[in-house]
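Take a look at the letters that make up each chain.
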Amino acid sequence: MGRGSTEPGGPEAGLAAVRVRLDIGYDGTGFSGWARQPGRRTVQETLEDAHADLPADRWAAAGPAAVRRLARLLPPDVRVHRAVLAPPGFDARFAALWRRYAYRVCDDPALADPLARHRTLWHRSLLDLEVMNQAALACLGEHDFAAYCRRRAGASTVRTLLRLDWARTGPAVAEATVVADAFCHNMVRALVGAMLKVGEGSRPPGWPAEVLAARARDPAVPVVPPHGLCLEEVGYPADAGLAARATAARHLRAAPTA
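A brief look at the structure comes next.

1. Topic: the state of the cysteines
Link 1 in the chain: Within the structure shown, the criterion is met by 1 disulfide.
Link 2 in the chain: Disulfide partner of Cys 149: Cys 184, at an S-S distance of 1.9 Å. Of this pair, Cys 149 sits in the loop between strand 8 (141–144) and strand 9 (158–170) while Cys 184 sits in the loop between strand 10 (173–180) and helix 5 (187–199), and the two are 35 residues apart along the sequence.
Link 3 in the chain: Given the relative accessible area of 2%, Cys 149 is considered buried.

The following block contains the structure:
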């Protein structure tokens, strides 16, 4: 599941085009992630099949009605809530300052809500949120999160974790709020997996930080299933700062020194 902003690409050949920013919401259950993948249904492919960069004259005529028209073209598990002209320098990925995710866990199977089973992980035992929050504090800040990521050739795993904490949001429901300047593949799900180990008592509070410092994947850290994860918000700078932020974010980041 997720909500966010994107920019479609691919103007019609030979025609001046405008870039349109789409604010979207989608249920990720029926998708194989965001980015296009051969032979798989993805959010990007679904949106691009329905919309693209537009000739300026067409946007001028169709812009106000674009959201309603897209609602007729898109499947029910993805919606465009807003479509506006993107300001200069806007890049949905690189211009972002931060992303906020939530991960929901039910830790009492007897109280689990069947209607929420597609967006909540059912955990076998009661979680101690106090010790989980204690463990999370040591992971905040800029670190090499290689221990919590799936490595990709030529890509950095250095990220700045701005927030990681847990709170009760309902009967037997624990929700993690995770905010970072960016995330590498599987980072949120691996961090949540480590925190669950602490919360159930099978690992001490200092263990997630020890794993982080090792900068190597630890098979004891479970990568929790994706269905409990939701991208809730993406933050951007003021329009004047978009281009500078996008340029800075494209630089390969080195691991911080001790």
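So that's the structure; there's more coming.
2. Some words on the environment of Glu 45
Link 1 in the chain: Relative to the helices and strands, Glu 45 is located in helix 1 (residues 43–50).
Link 2 in the chain: Spatially, the C-alpha atom of Glu 45 lies 8.2 Å from that of Trp 34, the residues being 11 residues apart in sequence.
Link 3 in the chain: Those residues in contact with Glu 45, other than ones at most four positions away along the chain, are Arg 36 and Arg 40.

3. With respect to the side chain of Asp 181
Link 1 in the chain: Inspection of the secondary structure assignment puts Asp 181 in the loop between strand 10 and helix 5.
Link 2 in the chain: Among the polar contacts listed, one links the side chain of Asp 181 to the side chain of Arg 253, at a separation of 2.6 Å.
Link 3 in the chain: Residue contacts for Asp 181: discarding those within four places in its chain leaves Ala 96, Leu 97, Trp 98, Arg 99, Arg 159, Thr 160, Leu 162, Arg 245 and Arg 253.

4. Some thoughts on unusual backbone geometry
Link 1 in the chain: Despite not being glycine, Asn 186 shows a phi value in the positive range, around 75°.
Link 2 in the chain: Position of Asn 186 among the secondary structure elements: in the loop between strand 10 and helix 5.
Link 3 in the chain: According to the relative accessible area criterion, Asn 186 is buried, its value standing at 17%.
Link 4 in the chain: Here Arg 215, not a glycine, exhibits a phi torsion of approximately 55°, which is positive.

5. Some thoughts on the pattern of salt bridges
Link 1 in the chain: Counted under the stated rule, the structure contains 16 salt bridges.
Link 2 in the chain: Between Asp 23 and Arg 21 there is a salt bridge, and its shortest N-O distance comes to 2.9 Å. The pair formed by Asp 23 and Arg 21 is uniform in burial state, with each residue classed as buried.
Link 3 in the chain: Its salt-bridge partner being Arg 104, residue Glu 175 comes within 3.1 Å of it at the nearest N-O pair. Linking Glu 175 in strand 10 with Arg 104 in strand 6 (residues 98–106), this pair joins segments that are 71 residues apart in sequence.
Link 4 in the chain: Within this structure, Arg 100, Arg 104, Glu 175, Glu 232 and Glu 233 form a network of salt bridges that share partners.

6. Points about the nonpolar core
Link 1 in the chain: Membership of the largest hydrophobic core comes to 49 residues, with the highest contact counts inside it found for Phe 145, Tyr 148, Leu 161, Trp 166 and Leu 196.
Link 2 in the chain: At the level of secondary structure, the elements contributing two or more residues to this core comprise strand 6, helix 4 (129–137), strand 9, strand 10, helix 5, helix 6 (207–214), strand 11 (229–235) and helix 7 (242–249).
Link 3 in the chain: When residues in this core are grouped by element, the largest group, 9 residues, is from helix 5.
Link 4 in the chain: Residues in contact with Phe 145, not counting those within four places in the same chain, are Cys 139, Thr 157, Arg 159, Leu 161, Cys 184, Met 187, Leu 191 and Leu 212.
Link 5 in the chain: Grouped together as the second largest cluster of nonpolar side chains are 16 residues, Val 18, Phe 31, Trp 59 and Ala 66 included.

Cut-offs used in this document
- Residues numbered from 1 in each chain as written.
- Predicted model: local features only at pLDDT ≥ 70, side-chain atom pairs only at ≥ 80, totals over all residues.
- Heavy atoms only, no water.
- Disulfide = S-S within 2.5 Å.
- Helix = DSSP H or I, 4+ residues; strand = E, 2+ residues; numbered from the N terminus.
- Buried < 20%, exposed > 50% of the residue type's maximum accessible area, 1.4 Å probe, protein only.
- Contact = heavy atoms within 4.5 Å.
- Polar contact = N/O pair within 3.5 Å; in protein donor to acceptor, adjacent residues only side chain to side chain.
- Salt bridge = Lys/Arg side-chain N within 4 Å of Asp/Glu carboxyl O.
- Core = buried A, V, L, I, M, F, W, Y, C linked by side-chain atoms within 4.5 Å.

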